[in-house]
Amino acid sequence: MSLPSVRRVAVIGGSRIPFARSDGPYATASNQDMLTAAVDGLAARHSLQGEGSVGELVAGAVLKHSRDFNLAREVVLGSTLDARTPAYDIQQACGTGLQAVIAVANKIMLGQVESGIAGGADTASDAPLGLNDDLRKVLLAARRATSPGGRLRALGRVRPRHVVPDVPRNAEPRTGLSMGEHAAVTARAWGIGRAAQDELAAASHQRLAAAYERGFFQDLVVPFRGLTRDQNLRPGSSVEQLARLKPVFGLGGPNPTMTAGNSTPLTDGAAVVLLAGEEWAARRGAEPLAYLTACETAAVDFVRGDVAGGDDGLLMAPAHAVPRMLERAGLGLGDFDFVEVHEAFASQVLATLAAWEKRGIGTVPRERLNVAGSSLATGHPFAATGARIVATLARLLAERERPGRGLISVCAAGGQGVTAILERD
C-alpha cells in the first residue's frame, strides 16, 4: 500500500554490527547481545539516551530461543536507551527488518509516536535446538501424572532415540525443500545461467569493498567482537574464481548452476535504523537522509501455484509486489536512481529482474543495482537484512545531495515479499 502523506517519515540514520559467518567470531553472541550493540551504536551516534528520545523500538529475529520471547524489550533494558521506551517483537522471515521499519513508519505517519528504532538480529551459530518431540510427550505425560509412581512410569518410557534433538532445518514445512533447492527450480524456470550468477556475485563483493574503502559505512557500521568489516567480504572476488566452485543446489536436475559463491552463507549479525517525523528531526537538528514514501507486501502459492513456470517460485513474491506498488505510485523502474534487491541467491535476483521486465515495468541498469554491494557479500542474518538495506539506500540517496529515489525488494521464506520506496527531496 502507499503510505498516506499525513506525516512524512524520515530515515535519520542506521547502525549495524559487521556481519559474520556462522560459528565464527559471534559464535557465543546471542541475538540480544548483537541487537543491543547495534542499538547502542545508533544511540551514541544520534544522542538517544535521554528520556523520551525514542518513541518505540520494533525488532525481531527468525531463529529465536524461548528466552528471546520479549527480545526487543530486553534489548531496551540492556541498552543505553531510556528504560521507559516501549518495544515489541515482529517476525516475517527475511522480511522482518523491513516490516519492522514499516511498522514504526506507520505510527509516525499517524502521529502515534514521533520517532522509533526498527531492525532485527539473527544468529545461525546460536540456533535453538528443539526437544525431540517423542521425548517432549513423555515429559509432558510425567508432568501431568498425579503421583510419584505415575511420574516414574512415564519417565520409564524414555529411550535412547529420544535424546536426539530436533535441529533447525532450512526447509519449507510444506515442501521439505530448502530455500536453495526452491531457488534452483526458479533458476531453471527463468533460464538463469551460471555465468550471470557469478558475475552478479563478484560485483557484490567488489562494490561492498569499494564502499568500505571510500568510508561509506563509517556512520553505519560499529565494531563488534573484533570485527570492523563484514567477515564474508572477499574484495578480490572474481568471476574466474567463482567459476571454479562446484554447484551445491539443484543437483537432481540438469546443469546445476547454484554454488556457495553465488548463494548467501549462514550469517550472524544485527542492524537497526532510526525513523522520525520532520518535527522531531527539526527539534534535534537531525538532517533526514531520505523519506519512506511507499510500501507493498505480497505472497505466492509456492506449493500449488505456477512454480515450474516461474511465477510462483518461493522467492518470487517481490515480482508481484513491486509492479503493484509502482502502479499506485505512478512510477516505473526507470524512475529510480538506485534499486536494492536482497541477494538471497544471485539466481533469485536475476529471476526477479526478468519477471519485472516481463511485467512491463522496465529494466534495471546494472550500475543502479545494489551499488554498495548486498547480501552475497555482506552475508544475510535473516531479520537484520531489511534494516541494513534501508540504512544503506538512505545513505546512498543522501550522499548525492540532490533529489533521488530508491527501490527496495526483499524476498522471504514462506513465499513472501516486502518492498518499499525511499525518496530524497
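What you see is a predicted model, and the numbers here were worked out from it, not measured in a lab. (Residues numbered from 1 in each chain as written. Predicted model: local features only at pLDDT ≥ 70, side-chain atom pairs only at ≥ 80, totals over all residues. Heavy atoms only, no water.)

**Student:** Honestly, the pattern of salt bridges in this entry has me stumped. Any pointers?
**Tutor:** Taken as a whole, this structure holds 20 salt bridges when the rule is applied. The partner of D133 in a salt bridge is R136, and the shortest N-O contact between them spans 2.8 Å. Pair noted here: D133 and R136 are both in helix α4 (residues 133-144), with a separation of 3 residues, about one helical turn. In this structure R136 comes out as partly exposed when scored by relative accessible area, which is 35%. Residue R229 is joined to E213 by a salt bridge in which the shortest nitrogen-to-oxygen separation is 2.8 Å. (Salt bridge = Lys/Arg side-chain N within 4 Å of Asp/Glu carboxyl O. Helix = DSSP H or I, 4+ residues; strand = E, 2+ residues; numbered from the N terminus. Buried < 20%, exposed > 50% of the residue type's maximum accessible area, 1.4 Å probe, protein only.)

**Student:** Would you mind showing me how to read the packing of aromatic side chains here?
**Tutor:** How two aromatic rings sit relative to each other is given by the distance of their centres and the angle of their planes. Under the defined criterion, the tally for this structure stands at 4 aromatic pairs. Taken together, a centroid distance of 5.0 Å and an interplanar angle of 85° make the contact between F216 and F217 edge-to-face. Judged by its relative accessible area of 4%, F216 is buried. With 5.9 Å between their ring centres and 90° between their planes, F249 and F345 make a pair best called edge-to-face. Linking F249 in strand β6 (residues 247-249) with F345 in the loop between β10 (338-341) and α11 (346-358), this pair joins segments that are 96 residues apart in sequence. One aromatic cluster in this structure is built from Y212, F216 and F217. In this structure, R8 packs its charged tip against the face of Y291, placed 3.7 Å from the ring centre. (Phe/Tyr/Trp six-rings, centres within 6.5 Å; stacked < 30°, edge-to-face > 60°. Lys NZ or Arg CZ within 6 Å of the ring centre and 35° of its normal.)

**Student:** What is the right way to look at the pairing of strand β12 (residues 416-424) in this model?
**Tutor:** Two faces belong to every sheet, and in a regular strand the side chains alternate between them. Counting buried residues in β12 gives 7 out of 9 residues, a clear majority hidden from the surface. As defined by bridge partners, strand β9 (residues 290-299) adjoins β12 across 8 bridges and the pair is classed as antiparallel. Note that in β12 the partner of E296 across the bridge is T419. Counting the residues in the hairpin turn of strand β11 (residues 404-412) and β12 gives 3 residues, including G414, whose phi is positive at 80°. (Pairing = 2+ DSSP bridges.)

All quantities given are derived from atomic positions and should not be read as evidence of function.
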